[in-house]
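An overview of the molecular structure
Letter by letter, the chains look like this.
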Amino acid sequence: MAKAEKKEAVYVVIPYARLINHSLFEKDQYDEKSAPSYKIEVAIPKDHPTFGDLANAIWDYANDVWGNTVPDLNIDGGPTISGVLDGEFLARKREEKGKPGDAYKGQWVIRANTTFNKYGDDAPGGIAVFDEDVKPVEALNRNVIYRGCYVSVKVSLANYEDDKTGAHGIKCYLVAVQKIGDGEPLSSPADHSSAFKPVGRAAAAAAGATTTRRQRKQ
C-alpha cells in the first residue's frame, strides 16, 4: 500500500443531514480509555444527492493522499475505511439490544468529533453552533438544537493507517454546525405531571401559614 503523505486540512460542508446524537456544548467521554470530546452523529438518506457530494469529496481526498493505488472506497469498512457507516447495520445492532433503530434505516451515518472548542482550544466552551439565521447558539439557548432536527455540518478530513491491518482510513473531525430546519424529535422529556395536582395561590399560602411543628414526645 502507498504510504500516506501529510496534507493540509481539507474542509467539507455536509449541507443536509438529520441530527441523531450530539455533545456540542460539553465534551462527552465514551469510556475511560477514550479522551473527552465534542461529538456529532448525523444521518443522510441514501437517495439524497448530499451523500454523492460527500462521497466524491472523500474519494478525491483519498486519491490526493494515497494516489491511484487506493482501492474502491467501500462504505462501512473495506480496503479503505471511508468514515461512513451503513445505517442498516447500525439499526440491526440496536434492535438486537432491544433498542429502536428506525432513525438509522435507509441512511448513511457520519460520526465526527473534536477535542477543540470554537476558539481552537482543548477546553470547555463548546464548538461553533449556529441557528437558521447564522446567529450563534450558546449553552443558554441550546434547546433549539435537538435530536431529530436537520443540520449542516462542517468537518475536516484526516487520514490514518490502521495499526493492526495497515488499511487506509479517513476520519471526519467536527468543526461547526448550523441548524437548517426542524424535524420530528427523536426523544422528548418525560411527563411527570401526573405526580402533582393543581394548587391555587390562596390554597398554597394557607397551607404554608398553618404549618406547625410536631411536638416531641415526652
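The sections below set out a description of the structure shown in this document. (Residues numbered from 1 in each chain as written. Predicted model: local features only at pLDDT ≥ 70, side-chain atom pairs only at ≥ 80, totals over all residues. Heavy atoms only, no water.)

Quick notes on the overall build of the protein
Looking only at helices and strands, the protein features three helices and eight strands. Along the protein, helices (α) and strands (β) appear in the sequence β-β-α-β-β-α-β-β-β-β-α when read from the amino end. Among the 218 residues that make up the protein, the fraction classed as buried is 33%. Summarising the internal contacts of the protein: among those between residues at least 6 apart in sequence, 65% fall at separations of at least 24. Here the protein displays about 14100 Å² of accessible surface, and carbon together with sulfur accounts for 51% of that area. (Helix = DSSP H or I, 4+ residues; strand = E, 2+ residues; numbered from the N terminus. Buried < 20%, exposed > 50% of the residue type's maximum accessible area, 1.4 Å probe, protein only. Contact = heavy atoms within 4.5 Å. Areas by Shrake-Rupley, 256 points an atom, 1.4 Å probe, with all protein chains shown as cover.)

Digging into the layout of surface pockets
Put simply, the largest pocket is a space of about 1100 Å³. For the largest pocket, the lining is made up of 33 residues, of which Tyr-30, Lys-39, Glu-41, Leu-85 and Arg-111 are closest to its centre. Among the secondary structure elements, those contributing two or more residues to the lining of the largest pocket are strand 1 (10–28), strand 2 (37–45), strand 4 (84–86), helix 2 (87–96), strand 5 (107–114) and strand 8 (168–181). Per-class residue counts for the lining of the largest pocket are 14 nonpolar, eight polar and 11 charged. Roughly 200 Å³ of internal volume is contained in the second largest pocket. (1 Å grid on protein atoms, 1.4 Å probe; cavity = no way out; pocket = protein on both sides within 12 Å on 5 of 7 lines; lining within 4 Å. Points joined across faces, edges and corners; volume = space filled by probe spheres on them. Nonpolar A, V, L, I, M, F, W, Y, C, P; charged D, E, K, R; others polar.)

Structural notes on helix 2
Because the α-helix completes a turn every 3.6 residues, residues three or four places apart line up on one side. For helix 2, the full list of buried residues reads Gly-87, Leu-90 and Ala-91. For helix 2, the arc enclosing every buried residue in end-on projection is 100°, short of the 170-degree limit, so these residues lie on one face. Where helix 2 is buried, its residues meet strand 4 and strand 5. Between a side-chain oxygen at the N-terminus of helix 2 and the backbone nitrogen of Glu-88 the separation is 3.0 Å; the capping residue is Asp-86. Downstream of helix 2 by one or two residues, Gly-98 has phi in the positive range, about 80°. (Arc of directions from axis to C-beta. Polar contact = N/O pair within 3.5 Å; in protein donor to acceptor, adjacent residues only side chain to side chain.)

Re the packing of aromatic side chains
A full pass over the atoms with the stated rule returns two aromatic pairs. When the ring of Tyr-16 is compared with that of Tyr-150, the centres are 5.3 Å apart and the planes differ by 20°; the resulting orientation is stacked. Here the residue Tyr-16 occupies a position in strand 1, and Tyr-150 occupies one in strand 7 (residues 150–161), the gap between them amounting to 134 residues. In this structure Tyr-16 comes out as partly exposed when scored by relative accessible area, which is 26%. Of the residues examined, Tyr-150 reaches a relative accessible area of 23% and is grouped as partly exposed. Between Phe-51 and Trp-108 the ring centres are 5.1 Å apart and the planes differ by 25°, which places this aromatic pair in the stacked class. Here Phe-51 is found in helix 1 (residues 49–66), whereas its partner Trp-108 is found in strand 5, with 57 residues between them in sequence. Its relative accessible area of 15% is what places Trp-108 among the buried residues. (Phe/Tyr/Trp six-rings, centres within 6.5 Å; stacked < 30°, edge-to-face > 60°.)

Considerations on the nonpolar core
Counting residues in hydrophobic clusters, the biggest one holds 34 residues, and the most contacted among them are Leu-24, Ile-40, Val-153 and Leu-174. At the level of secondary structure, the elements contributing two or more residues to this core comprise strand 1, strand 2, helix 1, strand 5, strand 7 and strand 8. Leave out the neighbours within four places in its chain, and Leu-174 touches Leu-24, Tyr-38, Lys-39, Ile-40, Ala-112, Asn-113, Thr-114, Ile-127, Val-153 and Lys-154. Counting seven residues, the second-largest nonpolar core is a separate cluster that includes Ala-43, Leu-90, Ala-103 and Val-109. (Core = buried A, V, L, I, M, F, W, Y, C linked by side-chain atoms within 4.5 Å.)

Let's talk about the pattern of salt bridges
Tallied over the entire structure, the rule returns 10 salt bridges. Here Lys-105 makes a salt bridge to Asp-102, at a shortest N to O gap of 3.6 Å. Judged by relative accessible area, Lys-105 falls into the partly exposed class, the value being 36%. The class of Asp-102 is exposed, set by a relative accessible area of 58%. (Salt bridge = Lys/Arg side-chain N within 4 Å of Asp/Glu carboxyl O.)

Points about the environment of Asp-102
Residue placement: Asp-102 occurs in the loop between helix 2 and strand 5. Taking the C-alpha atoms as reference, Asp-102 lies 9.2 Å from Gly-87; in sequence the two are 15 residues apart.

A word on the environment of Ala-17
Tracing the chain through its elements places Ala-17 in strand 1. Note on Ala-17: relative accessible area 0%, which makes it buried. When the C-alpha atoms of Ala-17 and Lys-179 are compared, they prove to be 9.7 Å apart, with 162 residues separating the residues in sequence. With sequence-adjacent residues up to four places away left out, Ala-17 is seen in contact with Val-42, Ala-43, Ile-44, Cys-149, Tyr-150 and Val-151.

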